[in-house]
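# Structural features, examined
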Amino acid sequence: DTGVSQNPRHKITKRGQNVTFRCDPISEHNRLYWYRQTLGQGPEFLTYFQNEAQLEKSRLLSDRFSAERPKGSFSTLEIQRTEQGDSAMYLCASSLVGQGTIQYFGAGTRLSVL
Amino acid sequence: AQSVAQPEDQVNVAEGNPLTVKCTYSVSGNPYLFWYVQYPNRGLQFLLKYITGDNLVKGSYGFEAEFNKSQTSFHLKKPSALVSDSALYFCAVKGQAGTALIFGKGTTLSVSS
């Protein structure tokens, strides 16, 4: 499978714990995006990387959230001191550079904070 | 500010009938418009996009969409619905200066046999 891969698919954690998600993009794609989707809503942009540089962050990305993309390959999204409001589906997408390029999405990581 | 509106939470059609899922947008400059479909427990799958050119765009699985600049709309259509088309559909827009996609809230399509 050469699509976008996300792990884990599901994560259940207790409030206050830290969690980390991983995204492996399509291999030749130099842009990588993180979105969050809550029930009944469309995905909302969190941040994106071009190669290893994090170029844009949404106001939704609080100080408890951090994302990395070392060496411009896979990316990790960490949430520190999780809160119940963090419960959501976290989606990763990748694309080539260009205004009209298609973003291809992974299956997502569903986070449940108890 | 950029935004996308999908005015219908749910669309119900009978198999074999034509379907339309509505989308309107607001963006500075020329828009880049996309439709995605989401099946349960799966990620978003790309259906089609409009960048420039012909206002009628054809995409995957027999879907097409019509770009209307004056009405700022990008409605998704299919001439003959299948039960397997039942899913959640998202319209998304990106402005020329932007990178992130702005999504609508989604429309659930239910096709009955």
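Structure: above.
A brief structural summary. (Residues numbered from 1 in each chain as written. Chains lettered and ligands numbered in written order. Predicted model: local features only at pLDDT ≥ 70, side-chain atom pairs only at ≥ 80, totals over all residues. Heavy atoms only, no water.)

### Focus on the overall build of chain B
A tally of regular secondary structure across chain B gives 0 helices and 12 strands. The linear arrangement of helices and strands in chain B, starting from the amino end, is β-β-β-β-β-β-β-β-β-β-β-β. Rg of the C-alpha trace for chain B: 13 Å, near the compact-globule value of 13 Å for 113 residues, within the 12% margin. Each of the three principal axes of chain B carries a C-alpha extent, and together these read 45 × 30 × 20 Å. (Helix = DSSP H or I, 4+ residues; strand = E, 2+ residues; numbered from the N terminus. Rg over C-alpha atoms; globule rule 2.2 N^0.38 Å.)

### Considerations on the overall build of chain A
Broken down by element type, chain A carries 0 helices and 11 strands. Going from the N terminus to the C terminus, chain A shows its helices and strands as β-β-β-β-β-β-β-β-β-β-β. Taking 114 residues into account, the globule formula puts the C-alpha radius of gyration at 13 Å, and chain A, at 13 Å, falls close to it. Summarising its shape, the C-alpha atoms of chain A cover approximately 40 × 25 × 25 Å along the three principal directions. Counting every position in chain A, which comprises 114 residues, the buried fraction comes to 46%. Once local pairs closer than 6 in sequence are excluded, the contacts in chain A between residues at least 24 apart make up 53%. As presented, chain A carries roughly 5,800 Å² of accessible surface, and 45% of it is formed by carbon and sulfur atoms. (Buried < 20%, exposed > 50% of the residue type's maximum accessible area, 1.4 Å probe, protein only. Contact = heavy atoms within 4.5 Å. Areas by Shrake-Rupley, 256 points an atom, 1.4 Å probe, with all protein chains shown as cover.)

### Brief notes about the state of the cysteines
A covalent bond between the sulfur atoms of two cysteines is what we call a disulfide. Scanning the entire structure with this criterion turns up 2 disulfides over all chains. Note on cysteine connectivity: Cys23(A) is disulfide-linked to Cys92(A), with sulfurs 1.8 Å apart. Given an S-S torsion of about -70°, the disulfide between Cys23(A) and Cys92(A) has left-handed geometry. Placement of Cys23(A) in strand β3 (residues 19–24) and of Cys92(A) in strand β9 (residues 88–95) is noted, with a sequence separation of 69 residues between them. Here Cys23(A) and Cys92(A) have matching classes, each one buried. A sulfur-sulfur distance of 2.0 Å marks the disulfide that ties Cys23(B) to Cys91(B). Around the S-S axis, the bridge from Cys23(B) to Cys91(B) shows a dihedral of about -60° and counts as left-handed. (Disulfide = S-S within 2.5 Å.)

### Comments concerning unusual backbone geometry
Residues and elements named next belong to chain A. Cis geometry marks the peptide bond from Asn 7 to Pro 8; its omega dihedral reads -10°. Along the polypeptide, Pro 8 turns up in the loop between β1 (5–7) and β2 (10–13). The phi torsion at Lys 71 lies on the positive side, around 65°, for a residue other than glycine. Residue placement: Lys 71 occurs in the loop between β7 (65–68) and β8 (75–79).

### Considering the sheet that holds β7(A)
All names here are of chain A. Read from one edge to the other, the open sheet built from 4 strands follows the order β1-β3-β8-β7, with strand pairing classed as antiparallel. In this open sheet, the two strands that pair with only one neighbour each are β1 and β7. Taking each pair of neighbouring strands and ignoring which way they run, the sheet shows an average axis angle of 15°. Across 3 bridges, the pairing between β1 and β3 is antiparallel. Bridge assignment links Gln 6 to a residue of β3, and that residue is Cys 23. (Pairing = 2+ DSSP bridges. Axes fitted to C-alpha atoms, helices over the stretch in contact; angles between N-to-C directions.)

### Overview of the environment of Glu28(A)
Tracing the backbone through its elements, the reader meets Glu28(A) in the loop between β3 and β4 (31–37). Accessibility expressed as a relative area gives 53% for Glu28(A), which makes it exposed.

### Considering the interface of chain A and chain B
The interface is formed by 22 residues belonging to chain A together with 22 residues belonging to chain B. Across the interface of chain A and chain B, roughly 1,700 Å² is buried in total on both sides, 53% from carbon and sulfur atoms. Contact with chain B buries surface across chain A, with Gln99(A), Ile102(A) and Phe105(A) losing the most and accounting together for 30% of the total. If you look at where chain A meets chain B, you find 4 residue pairs in polar contact (both at pLDDT 80 or more). (Buried area = accessible area lost by both parts, 1.4 Å probe. Polar contact = N/O pair within 3.5 Å; in protein donor to acceptor, adjacent residues only side chain to side chain.)

### A short note on the nonpolar core
Within soluble globular proteins, side chains that are nonpolar tend to cluster in buried spots. Trp35(B), Leu47(B), Leu48(B), Phe74(B), Leu76(B) and Tyr89(B) are the most contacted members of the largest nonpolar core, which has 27 residues in total. Broken down by secondary-structure element, the contributors of at least two residues to this core are β2 (10–14), β3 (19–21), β5 (32–38), β6 (44–50), β8 (64–68), β9 (73–78), β10 (87–94) and β12 (107–112) of chain B. When residues in this core are grouped by element, the largest group, 4 residues, is from β10(B). For Leu47(B), the residues in contact, after removing those within four places along its chain, are Trp35(B), Tyr36(B), Val37(B), Gly59(B), Ser60(B), Tyr61(B), Phe63(B), Leu76(B) and Tyr89(B). Cys23(A), Leu32(A), Leu46(A) and Ile79(A) belong to the second-largest nonpolar core, a separate cluster that totals 19 residues. (Core = buried A, V, L, I, M, F, W, Y, C linked by side-chain atoms within 4.5 Å.)

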